[in-house]
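# Descriptive analysis of the structure
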Amino acid sequence: MNGSRIAAVGHYQPARVLTNEDLAGMVDTSDEWITSRVGIRTRHIAGPDEPVDELAGHAAAKALAAAGLAPGDIDLVLVATSTAVDRSPNMAARVAARLGIPSPAAMDVNVVCAGFTHALATADHAVRAGASGRALVIGADKMSEVTDWSDRTTCVLVGDGAGAAVVEATDDAGIGPVLWGSVPEMGHAVRIEGTPPRFAQEGQSVYRWATTQLPPIARKACERAGLAPEDLAAVVLHQANLRIIEPLAEKLGAVNAVVARDVSESGNTSAASIPLAFSKLVEQGAISTGDPVLLFGFGGNLSYAGQVVRCP
């Protein structure tokens, strides 16, 4: 075995749906204002009794079931999140305990909106190096808990949810080489800080960076996989907002690809957004087994990470 692949995916969202009309009753906004600026119509919001590890656990259980695996088949758990409340035990350990995974390596990855693609690359490396046989990679965030619901510039953006993938060894490279990096001196452009922690961002700075600097980086991720953008069957970008997703996808040149637009239904779910949107495309049959899909995360820390994967 000299490669790894995604064997199965799964996702989970809380039952409560918050519409733009609901938000208009909370802050000075409207459905027209929100949809015209960010393309979001609804978002799912977790309750106070739904912690991040519960969201993550539900998504992970679905991925395991789809792969036909038991918890004991997993030896590495990686959870990408930036909304963990406690420092220890970490989110990965809590998810492992929920699922009954015996003695796994358990690590959290905090790269905010690019967290899942960083964690996926880490799992790929661990499996190919022989340090792991099967890994569970999860992106989960409860952004509602770090949001100022009186701030209309941020509260209209966020949602809660989780997505997961099972990564296992294979003879072929089902997960392409990662291209990752950051602009640390611009880390202040997206923040979750303070006591209590609150999400804030410099929207125009993020928009300019994402739409001008990221397209050539995303193309290089395709090149590392030996593909041209027009070879892609789907593009799953971080679901920040449609005003970023659509121009970035257009500049990438993936003219034959399905472009994930789950942000309209789910809002910005940070590290959950890519596996959530990817899992929905698989569930809907929008892409087929073996199809090449670009996963590309970007955002917090002005970090980015992308790789081409084969659809499970």
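To be clear, the structure that these remarks concern was listed above.
Since we're looking at a predicted model, the values are computed, not measured.

Our focus in this paragraph is the overall build of the protein. Across its full length, the protein holds 11 helices and 14 strands. Relative to its length of 312 residues, the protein is compact, with a C-alpha radius of gyration of 18 Å against a globular reference of 20 Å. Principal axes of the C-alpha set define a box for the protein whose edges measure 55 × 45 × 40 Å. Across the 312 residues of the protein, 57% fall into the buried class. A sequence separation of at least 24 residues applies to 76% of the contacts in the protein between residues at least 6 apart. Surface summary for the protein: the accessible area is close to 12,000 Å², and the carbon and sulfur share equals 48%. Averaging the coordinates of the 24 positive side-chain charges in the protein and doing the same for the 34 negative ones gives two points 4 Å apart.

Looking now at the packing of aromatic side chains. All chains considered together, the criterion is met by 2 aromatic pairs. On the basis of an interplanar angle of 70 degrees and a centroid distance of 6.5 Å, the ring pair of Trp 209 and Phe 298 is categorised as edge-to-face. In this pair, Trp 209 is assigned in helix H7 (residues 203-212) and Phe 298 in strand E13 (residues 292-299), connecting sequence segments 89 residues apart. Per residue, the accessibility class of Trp 209 equals that of Phe 298, and both read buried. Centre to centre, the rings of Phe 296 and Phe 298 are 6.3 Å apart; their planes meet at 40 degrees, and the pair counts as tilted. For Phe 296, a relative accessible area of 0% translates into the label buried. Here Phe 298 falls in the buried class, since its relative accessible area comes to 2%. Through a chain of ring-to-ring contacts, the aromatic side chains of Trp 209, Phe 296 and Phe 298 assemble into a single cluster.

We now examine helix H9 (residues 242-252). By the burial criterion, the buried members of H9 are Leu 242, Ile 244, Ile 245, Leu 248, Ala 249 and Leu 252. When H9 is viewed along its axis, its buried side chains cluster within an angular range of 160 degrees and face the same direction. Capping the start of H9, Asn 241 holds a side-chain oxygen 2.8 Å from the backbone nitrogen of Arg 243, two or three residues further along. Once H9 finishes, Gly 253 follows within two positions and takes phi at roughly 90 degrees, a positive value.

Take the side chain of Asp 141 next. Locating Asp 141 in the fold gives a position in strand E6 (residues 134-142). At 11 Å, Lys 142 is the nearest oppositely charged side chain to Asp 141, a buried residue that forms no salt bridge. Within polar-contact distance, the side chain of Asp 141 engages the side chain of Thr 83 at 2.7 Å. At 3.0 Å, the side chain of Asp 141 forms a polar contact with the backbone nitrogen of Ala 271.

For the rest of this paragraph, the subject is the side chain of Thr 211. The topology assignment puts Thr 211 in helix H7. By relative accessible area, which is 5% here, Thr 211 ends up buried. Looking at Thr 211, its side chain comes within polar contact range of the main-chain oxygen of Tyr 207, at 2.7 Å.

To continue, consider the pairing of strand E4 (residues 76-80). Taken across its 5 residues, E4 has 5 buried, putting it largely inside the fold. Burial along E4 is two-sided: Leu 76, Leu 78 and Ala 80 and Val 77 and Val 79, pointing in opposite directions, are all buried. Pairing of E4 with strand E5 (residues 105-109), which is carried by 5 bridges, proceeds in the parallel orientation. Opposite Val 77, over in E5, you have Ala 106 as the bridge partner.

Our next topic: the sheet that holds strand E8 (residues 179-182). An order of E8-E14-E13-E11-E12 is seen for the 5 strands of this open sheet, with the pairing classed as mixed. Single-partner strands in this sheet number two, and they are E8 and strand E12 (258-259). The sheet contact formed by strand E11 (residues 234-237) and E13 spans 4 bridges and is parallel. Bridging across to E13, Leu 237 finds its partner in Phe 296.

Cut-offs used in this document
- Residues numbered from 1 in each chain as written.
- Predicted model: local features only at pLDDT ≥ 70, side-chain atom pairs only at ≥ 80, totals over all residues.
- Heavy atoms only, no water.
- Helix = DSSP H or I, 4+ residues; strand = E, 2+ residues; numbered from the N terminus.
- Rg over C-alpha atoms; globule rule 2.2 N^0.38 Å.
- Buried < 20%, exposed > 50% of the residue type's maximum accessible area, 1.4 Å probe, protein only.
- Contact = heavy atoms within 4.5 Å.
- Areas by Shrake-Rupley, 256 points an atom, 1.4 Å probe, with all protein chains shown as cover.
- Lys, Arg positive; Asp, Glu negative; His and termini not counted.
- Charge placed at Lys NZ, Arg CZ, Asp CG, Glu CD.
- Phe/Tyr/Trp six-rings, centres within 6.5 Å; stacked < 30°, edge-to-face > 60°.
- Arc of directions from axis to C-beta.
- Polar contact = N/O pair within 3.5 Å; in protein donor to acceptor, adjacent residues only side chain to side chain.
- Salt bridge = Lys/Arg side-chain N within 4 Å of Asp/Glu carboxyl O.
- Pairing = 2+ DSSP bridges.

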